[in-house]
Amino acid sequence: MSVLTSPRGKVEVVHCRRTETQDIYCIKNLIRKFTQKLFGNLNIIYLLEKANLAITLHNDQEEIMAQATFLDYPNWNIATQDDWVSVFRELDSDIPCTPLNTLFMHLFVAVDEYSVGCCKEIIRTVFKAVLDLHFVFLIVPSCMSLGSTLITVFSQVGYVPSLTNDEDFAVHVCHRHNHYPQLHVRKARVEDHDDLMPIFLHHDTILKETYGEYFLAELIEAQDEENHAVVCEVEGVAVGFMSVCSQVNLELLHKCFDLAPFHGLCIPHQDDILEPPQEFSIHESSDSQLENSSEESQKIVKEPQEAVSLETRESIQRKGTEAAVEEALSPVTSENTGEVEDSEKLSQVSSRFTWYYISHRSSLSVSLPEDTSSFRPIYKGASTAFCIQLFCIDEKYEARSLDFMNFVFHLFHDKDFCIVSVPHLTPEFVLIQSFVKVVPFNNCTLEQDLYVFHRAGLLKTIKIRLATLLDTPGVEKLVSTLMPCKSILEDLKQYNEARRDPDGTPLQVFVAEVAEQVVGIAVIRNEMDIEYIRSHYNIEDFIYFNHHQREEHGHLYHFVLNPIFRHYTKFFLKEILRLGYKSCLYYPVYPQVKEGKVQSPRAHSLTSALHYLVPVRPRRQIVYPLEKLGINAPSKEVSKDALSYALNHTNRKLSLEPKITVNAKIVVVGASNVGISFLETLVFCSHLKFSNLTLISTYGLPGKKLLGNEQRKFLANDHCYNDRDHELMSLCSWVNVVVAKMTAIDRAAKQVVVSREKVVLYDHLILCTGRQYQVPCPTEVDISLHPTNREVSNSCLRRYTGPIPCNHFTLNDEEDCLRALAWIKNNSITAEGNIIIYGNSIDTYTTVETLLSLGVRGSCIHLVKHPPTSIITCINDCAVEGAIEDALQAAGVNVYRDALLAQWNNGLYPDPIHTASFTTPTKPFQLPCSMFFSFLEKNVDYETFKAFNDACLVYDGRLVIDSNFHTNDIAIRAAGPLTKFSNRYYSNEWTHSNFNSKEIGFQLAAAMLKLFDPTLEPVTEPPADLDRLIPMYKGAKIKGGILPGSYHYLHVSKPAIPTPLEVQRAQSDFGSEIVTGNVKNGNYFRIHINKYRMVETITCLSKVPFPASNYIRLFGQHEQALNNLCARYEDGLVPDLYSYFTEPWCMALFHDRFIDLRKALHQILSSKEDENLPSMEELARQIEDEEINLPEKPRNYLKRVFQETIYRPLVEKSILDYLHYNHYHLPMYAWPGII
């Protein structure tokens, strides 16, 4: 915020932000003829799309006061974008401009009255935001003066000719030192105490309270050869302080952090032990398979990650003990600008960092042994690191924090590394943004994060250029320890030989060079599948696709950068875009690979640049009736079934866009749909980087394709996620996974105990374990006495404590299903075994159908139904249930009703189960048993319950939460079927089980984001009356699967308290039903339209597969949007809904952006044509409330108003724009111009 004063004395408070799309209209209004003469006739949208940095000033009323746009190459075509440096060096050799320290102003507009102040404020903001920036150039025609505004910040340096005509252009420059200069750094003196103490006390008073009022003066006086104190000053006043010390506890750091990429912060020594002995095995690379131990021992293993950077593999367990160094006092300061002035130092520095090339541990997934005897490198050399003990700087100058570093490295001539440790909850202040965050070991005991900065990181001579044949030895040395070394070198060779692949795809290889050494390499190709990417990923969240040429889309294959220069990653990416004439880069992360076989067309290496890219959300796809559409079907590039991958992206607009790092330890327990949805929402926040997300799950992340898509699943499907969805997200690239089971929670120490011995620390704990099928507890009655159910106590509430039989299966996830499938195949169950399926859920039906499809005879399957606990069945539709019963009978499946499990093996040892006895309301019976499947009512796992109970979390049948997901511990949240609302809400019938799990996870993440996202409004306590209301969610509840008889089943309904269908139909406001087909013919389709004529329920039962994802999109649509479905049905025009919804007209309904069209149309109809006239929405409300008398039918009146006003052309234009913009998905629609 700044205050501007006009020449007439008017005052305006202005705020600075990045330019947004909605600013374009105001920017155009600020353009004058003089602006066009200075900058040319510009397409503002195109300019902003290609800009590296665009700044907008606005006042308190959100009115645009000024805007400026900056790119990394000159305008007016005076030089090519990849070769402008030589032109400007010849212009003035005293200006050492480089791509790192230079930007070009391509546009400046401002409100005339405040233009001078706005110009200075924008320039100051740019220098503050881009820390390495020293020069801003402005190029204008030589015949033009700058005017009274720009002349105040720019000075002329010469003239350059145009490349395309004979016109000359004047070059003007703006220097950093005139607006936001580097700070002068010197040794601290005792008299600096009075200047510095207000800065310290502004942030914290702990030091003063602990060490006394004059602790700072004492610290300054205590300087010696090992301890130094330095300050930065402005006009003789100290504005920042740093205390550094050469004493570093390397022994502790070696135990806690993986310092191998930095040679242990030691000087190389001939006795160093860097490789493990033969008996240790280190698994590296993306296709390494970490072997999980047996279920009994339950070792903790971190899952392999397809693409990880240094920060990805964070600690999964840390205990707080002594800190390695003093923590930084306050989260203030800045980045690198300090220059290494002495040229003689360059060779010395370069000779030092040759030892610190990336090792395989720094950029690839590593299987770290869990026990304390695991191998750790042993370093014999002397320490080459010093540490920052205390640091503080005035907020006004925080962006210049890195100015300290050049000076403090001069104080320690024999040291190469500077380290600092900070509490992990400390926001990532500007100083450590230039440091490398070190990966902690799994058994790290420190509560702090360690950051490292190398002396060579101060070098500003880094140069990005196209590779040459002479770079081959340097690249070989750089990548020699990397798994994809061979692939990188082959691409380099191919580039040097032909500049393109054998198939003709253009290939470019760039190297990063410092002090004549190769410190980085990147390989890109033209993105040849851009139509597929556009249609399958939401890249238009980040770019305007139509403003990018096809050849401007690049595909990143390899990116390697020495970790000591990692703070130049974004600069490297920006230079790739400039030199390669690209505007966008895409990096795919393919699913986990096995046996070294890469699933992509060409091998991709893992990249440490992943956290500088943004993950792109996948788009929901329409399932097209391709045969019916014929030539009107989408192109093969759009509809092809390509390999699934998660997409990451960057572009020119994002090249100078910072991410906000969140280091808080967020631990999610349970890989349920709620937990996955929560993690997905956090990961896809493009402006945030969560560096400490951890998932604790018994089997790790789901989506491993254990059974394969072609196999029928044992369990019903809720359509929240499938295997392809998991591949498209690649959560393992962003989330640490602990493969273990939670056994306790230590709330005081904020740690989760897993497998009874290991701990995972947390700041925020998210409990999403859900509920599972449990082993049933037999009633233990002797059936020889012929008891009935009335004589037997119900054992449902009792917990089974005996040995779990090896042939007993409770199926809760795909891992359990795989285990059951393996048992069937290994024990010849399909030929001779008897299988008992016990329970009442829909999963009993899907399991029966799966067994039948595996070849098990129906007569060998015994479906034993437990006495129902509710009058509502799992299907809740008599027609569908009748079809299932008929199918079971036809298959010969034995069905028993109202049976209670009495005994296994007649009360003898139950492992394995040979017989199972049951009681009924009439007489008991006994069945032979080779496998026993239990699908009794789901409940919270006992060990999970015990962890909650021992932690004193309120539990009342389920874990108790409030309306904001909080348990009775503010640091612990919970969601999903595991939970219930507190009794103070008086809504015990409503739980999260009534709602869509994916929506619950999203809402949980939205509540959490308010703690971390500064762009959101801060958390406020809700009014007391609102805190008594439970939240209601609108997403559909979905279940489906393949039922006996090979019926494909889908049921979609609104969230509601379960009620029998017959009772619903008896309600006066039930609405109407549209039913086509019948269950016997296997083409049953039922749609329930509520009283508001909205689709509320969908039920499908079909003998042939159908596009379930399409039909789910019908939920919540108005029947008129379905081509006047009710009227057509009443007229007998809809004999088959399956066929009806494959007609070309309805494809738009299934499109993922149809909801955006609905919102746009609603906005049009709710807007006013005239301030004195009501909108269409207001007219409809007035008619409904009978506030106006009409001479005609309300429908006719509204139709006439719509036709006669501006609403009709606006609605038509919006619909046509939607169809035109999404034509690649919807080519079956015509619009004016193509007919």
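Keep in mind that what you see is a predicted model, and the values were worked out from it rather than measured. (Residues numbered from 1 in each chain as written. Predicted model: local features only at pLDDT ≥ 70, side-chain atom pairs only at ≥ 80, totals over all residues. Heavy atoms only, no water.)

J.: Summarise the overall build of the protein chain; cite the residues concerned and give the values.
T.: Assigned secondary structure in the protein chain consists of 35 helices and 47 strands. Counting the 1235 residues in the protein chain, one finds 57% classified as buried. Long-range pairs, those at least 24 residues apart, make up 75% of the contacts in the protein chain between residues at least 6 apart in sequence. Just so you have it, the protein chain exposes about 52,900 Å², and 51% of that area is on carbon and sulfur atoms. (Helix = DSSP H or I, 4+ residues; strand = E, 2+ residues; numbered from the N terminus. Buried < 20%, exposed > 50% of the residue type's maximum accessible area, 1.4 Å probe, protein only. Contact = heavy atoms within 4.5 Å. Areas by Shrake-Rupley, 256 points an atom, 1.4 Å probe, with all protein chains shown as cover.)

J.: Describe helix α13 (residues 403-411), and please don't skip the residues or the numbers.
T.: Turning to α13, its buried residues number three or more, namely Asp403, Phe404, Met405, Asn406, Val408 and Phe409. Buried positions along α13 lie against β9 (184-187), β10 (227-234), β11 (237-245), β12 (385-393), β13 (417-423) and β15 (448-454).

J.: Could you give me a rundown of the nonpolar core, with the residues and numbers involved?
T.: Grouped together as the largest cluster of nonpolar side chains are 119 residues, with contacts concentrated most on Leu265, Phe678, Ile745 and Leu767. The residues contacting phenylalanine 678, other than those within four sequence positions of it, are Ile666, Val668, Ile766, Gly1001, Leu1004, Ala1005 and Met1008. Counting residues in each nonpolar core, the second largest holds 67 residues, with Ile24, Ala68, Phe88 and Val130 among its members. (Core = buried A, V, L, I, M, F, W, Y, C linked by side-chain atoms within 4.5 Å.)

J.: Would you mind going over the pattern of salt bridges in detail, with residue names and values included?
T.: Tallied over the full model, the rule gives 48 salt bridges. With a shortest N-O distance of 2.5 Å, arginine 652 and aspartate 72 are connected by a salt bridge. Residue arginine 652 is located in the loop between β22 (646-651) and β23 (660-662), and its partner aspartate 72 is located in the loop between β4 (64-71) and α4 (85-91); the two are separated by 580 residues in the primary sequence. The shortest N-O distance in the salt bridge between arginine 1153 and glutamate 540 comes to 2.8 Å. Residue arginine 1153 is found in the loop between α31 (1137-1140) and α32 (1154-1166), and its partner glutamate 540 is found in the loop between α16 (530-536) and β19 (553-561); the two are separated by 613 residues along the sequence. The two residues arginine 1153 and glutamate 540 agree in class, both being buried. The structure contains a network of salt bridges with shared partners spanning Lys741, Arg756, Asp941 and Glu943. (Salt bridge = Lys/Arg side-chain N within 4 Å of Asp/Glu carboxyl O.)

J.: An account of the packing of helix α33 (residues 1176-1184) against helix α34 (residues 1194-1204) is needed here, citing residue identities and associated values.
T.: How two helices sit against one another is set out by the angle between their axes and by the gap between those axes. Relative to each other, α33 and α34 sit at 165 degrees, their axes nearing to 11 Å. For the element pair α33 / α34, the angle class is roughly antiparallel. By crossing handedness, the relation of α33 to α34 is classed as right-handed. Contacts from Met1176, Leu1179, Ala1180 and Ile1183 of α33 reach α34 at Pro1194, Tyr1197, Leu1198, Val1201 and Phe1202. (Axes fitted to C-alpha atoms, helices over the stretch in contact; angles between N-to-C directions. Parallel < 35°, antiparallel > 145°, perpendicular 65-115°, else oblique. Left-handed = near helix turned anticlockwise from the far one by under 90°.)

J.: Pulling in residues and values, what's your account of the sheet that holds strand β36 (residues 900-904)?
T.: Backbone-to-backbone hydrogen bonds pair the strands of a sheet. The strands run either parallel or antiparallel. The three strands are arranged β36-β37-β38 in an open sheet whose pairing can be described as antiparallel. Looking at the sheet topology across the chains shown, the edges are occupied by β36 and β38 (925-928). Taking each pair of neighbouring strands and ignoring which way they run, the sheet shows an average axis angle of 30 degrees. Pairing between β36 and strand β37 (residues 915-919): four bridges, direction antiparallel. Considered in β37, the bridge of glutamine 903 is made with serine 917. (Pairing = 2+ DSSP bridges.)

J.: Please give an account of the environment of proline 96 that cites residues and values.
T.: Relative to the assigned elements, proline 96 resides in the loop between α4 and β5 (102-110). Under the relative-accessibility criterion, proline 96 is labelled partly exposed at 47%. C-alpha separation for the pair proline 96 and phenylalanine 135, spaced 39 residues apart in sequence, amounts to 9.1 Å. Once residues within four sequence positions are removed from consideration, proline 96 is found in contact with Arg89, Asn101 and Phe135.

J.: Lay out the packing of aromatic side chains with the relevant residues and their values.
T.: If you walk through the whole model with that rule in mind, you get 46 aromatic pairs. Ring geometry for tryptophan 84 versus phenylalanine 104: centroids 4.9 Å apart, planes at 85 degrees, classification edge-to-face. Remark: phenylalanine 104 occurs in strand β5 and tryptophan 84 occurs in the loop between β4 and α4; sequence separation between them is 20 residues. An aromatic cluster is defined as three or more aromatic residues linked by ring pairs; in this entry it consists of Tyr800, Tyr838, Tyr896, Trp904, Phe918, Phe925 and Phe932. Sitting over the ring of tyrosine 495, arginine 499 keeps its end group 4.2 Å from the ring centre. (Phe/Tyr/Trp six-rings, centres within 6.5 Å; stacked < 30°, edge-to-face > 60°. Lys NZ or Arg CZ within 6 Å of the ring centre and 35° of its normal.)

J.: An account of the environment of proline 563 is needed here, citing residue identities and associated values.
T.: With respect to the secondary-structure elements, proline 563 resides in the loop between β19 and α17 (569-579). Of the residues examined, proline 563 reaches a relative accessible area of 2% and is grouped as buried. Sequence separation between proline 563 and histidine 454 is 109 residues; the distance between their C-alpha atoms is 9.1 Å.

J.: Lay out the sheet that holds strand β33 (residues 835-839) in plain terms, naming residues and giving numbers.
T.: Across the sheet, which stays open at both edges, the five strands sit in the order β32-β39-β33-β34-β35 with parallel pairing between neighbours. Only two strands of the sheet have a single partner each, and these edge strands are β32 (808-809) and β35 (894-896). Of the pairings in the sheet, the one linking β33 to strand β34 (residues 861-864) comprises four bridges and is parallel in character. What sits directly across from tyrosine 838, in β34, is valine 864. The sheet strands contacting helix α22 (residues 814-826) are β32 and β39 (931-935), and the helix crosses β39 at an angle near 160 degrees.

J.: Before we move on, can you summarise α17 with the specific residues and values?
T.: Among the eleven residues in α17, ten count as buried, and that is most of the element. Within α17 the residues assigned to the buried category are Thr569, Phe571, Phe572, Leu573, Lys574, Glu575, Ile576, Leu577, Arg578 and Leu579. At its buried positions, α17 is contacted by β16 (463-466), β17 (507-514), β18 (517-526), β19, β20 (584-589) and β22.

J.: Give me the confidence of the model for the protein chain: which residues, what numbers.
T.: On average, residues of the protein chain score 86 in pLDDT, and 89% of them are at 70 or above. In the predicted structure, residues 280-373 sits below a pLDDT of 50 and forms 337 contacts with residues beyond four places in sequence or in another chain. (pLDDT = per-residue confidence, 0-100.)

J.: Pulling in residues and values, what's your account of the packing of helix α20 (residues 673-683) against helix α27 (residues 997-1012)?
T.: Across the interface, α20 lies against α27 with an axial gap of 7 Å and an inter-helix angle of 45 degrees. Relative to α27, α20 is oriented oblique. In the crossing of α20 with α27, the sense of the turn from one axis to the other is right-handed. From α20, Asn673, Val674, Ser677, Phe678, Glu680, Thr681 and Leu682 reach across to α27, where they touch Ser997, Lys998, Ile1000, Gly1001, Phe1002, Leu1004, Ala1005, Met1008 and Leu1009. Its residues placed into classes, the contact of α20 with α27 shows nine nonpolar, five polar and two charged. (Nonpolar A, V, L, I, M, F, W, Y, C, P; charged D, E, K, R; others polar.)

J.: Got a sec to walk through unusual backbone geometry? Specific residues and values, please.
T.: A cis amide bond links aspartate 911 with the next residue in sequence, proline 912, at an omega value of -5 degrees. By the secondary structure assignment, proline 912 is in the loop between β36 and β37. One non-glycine residue with positive phi stands out, namely tryptophan 76, at about 60 degrees. Residue tryptophan 76 is classed as partly exposed on the basis of its relative accessible area of 27%. Here the phi dihedral of arginine 756 falls at roughly 70 degrees; this positive angle occurs in a residue that is not glycine.

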